[in-house]
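Structural overview for review
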Amino acid sequence: QVQLVESGGGLVQPGGSLRLSCAASGFTFSSYAMSWFRQAPGKEREFVAGASSSGGVTKYADSVKGRFTISRDNAKNTVYLQMNSLKPEDTAVYYCAADFRWDEDVVVVPGEYDYWGQGTQVTVSS
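What comes next is a walk through the structure.

Rules used in this analysis
- Residues numbered from 1 in each chain as written.
- Predicted model: local features only at pLDDT ≥ 70, side-chain atom pairs only at ≥ 80, totals over all residues.
- Heavy atoms only, no water.
- Salt bridge = Lys/Arg side-chain N within 4 Å of Asp/Glu carboxyl O.
- Buried < 20%, exposed > 50% of the residue type's maximum accessible area, 1.4 Å probe, protein only.
- Core = buried A, V, L, I, M, F, W, Y, C linked by side-chain atoms within 4.5 Å.
- Helix = DSSP H or I, 4+ residues; strand = E, 2+ residues; numbered from the N terminus.
- Phe/Tyr/Trp six-rings, centres within 6.5 Å; stacked < 30°, edge-to-face > 60°.
- Lys NZ or Arg CZ within 6 Å of the ring centre and 35° of its normal.

Turning to the pattern of salt bridges, a few remarks are in order. For the structure shown, the criterion picks out eight salt bridges. Salt-bridge contacts for Arg 101 lead to Asp 99; the nearest nitrogen and oxygen are separated by 3.3 Å. For the residue pair Arg 101 and Asp 99, the accessibility class agrees, reading buried in each case. With a shortest N-O distance of 2.9 Å, Asp 103 and Arg 101 are connected by a salt bridge. Through salt bridges with shared partners, a single network forms among Lys 59, Asp 99, Arg 101, Asp 103 and Asp 105.

As structure tokens, then:
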């Protein structure tokens, strides 16, 4: 049974930091690119950051470059998102997703992803 379980969300003040984790099970983690998406109320789901199957290639949305860092530990079947300098506009439900790949690419289209977690709420507010 495939599972992606996110954790680490919460309420944080502007300028603060959070670290999200996504624990995967039920599939060969090292064969999948892993990405984080987010969805704010009334908005479409958007790509935030992704890491290739080996972790050697990473990709970020322009809105989070320089503030967020994605990493993965294939020995622990876990992907992380370190979020620094958080802004109110980062408020959203954050989802991790898995995309089976034969290459080292990271795609930004949600429809390309095979598995999704249930999401974790991140709220940035004073």
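On to the nonpolar core, then. Ranked by size, the top nonpolar core spans 30 residues in total, and within it Trp 36, Leu 81, Met 83 and Tyr 94 carry the most contacts. Those elements that place two or more of their residues in this core are strand E3 (18-25), strand E4 (32-39), strand E5 (46-51), strand E7 (68-73), strand E8 (78-83), strand E9 (92-100) and strand E11 (120-124). If you look at the next biggest cluster of nonpolar residues, it comprises six residues, including Ala 97, Val 106, Val 107 and Tyr 113.

Following the criterion strictly, the structure yields 11 aromatic pairs and no others. Relative to Tyr 115, the ring of Phe 27 has its centre 5.2 Å away and its plane inclined at 40°; by these criteria the two rings are tilted. Of this pair, Phe 27 sits in the loop between E3 and E4 while Tyr 115 sits in strand E10 (residues 115-116), placing them 88 residues apart in sequence. For Phe 27, a relative accessible area of 13% translates into the label buried. Both rings, one in Tyr 32 and one in Phe 100, keep their centres 5.4 Å apart while their planes meet at 70°; by these two values the pair is edge-to-face. Remark: Phe 100 occurs in strand E9 and Tyr 32 occurs in strand E4; sequence separation between them is 68 residues. Among the aromatic residues, those joined into a ring-pair cluster are Phe 27, Phe 29, Tyr 32, Phe 100, Trp 102 and Tyr 115. Just above the ring of Tyr 95 sits the side chain of Arg 45; from NZ or CZ to the centre is 3.8 Å. A cation over an aromatic ring shows up here: Arg 45 above the ring of Trp 116, its NZ or CZ 4.8 Å from the ring centre.

On their own, these measurements won't tell you what the molecule is for.
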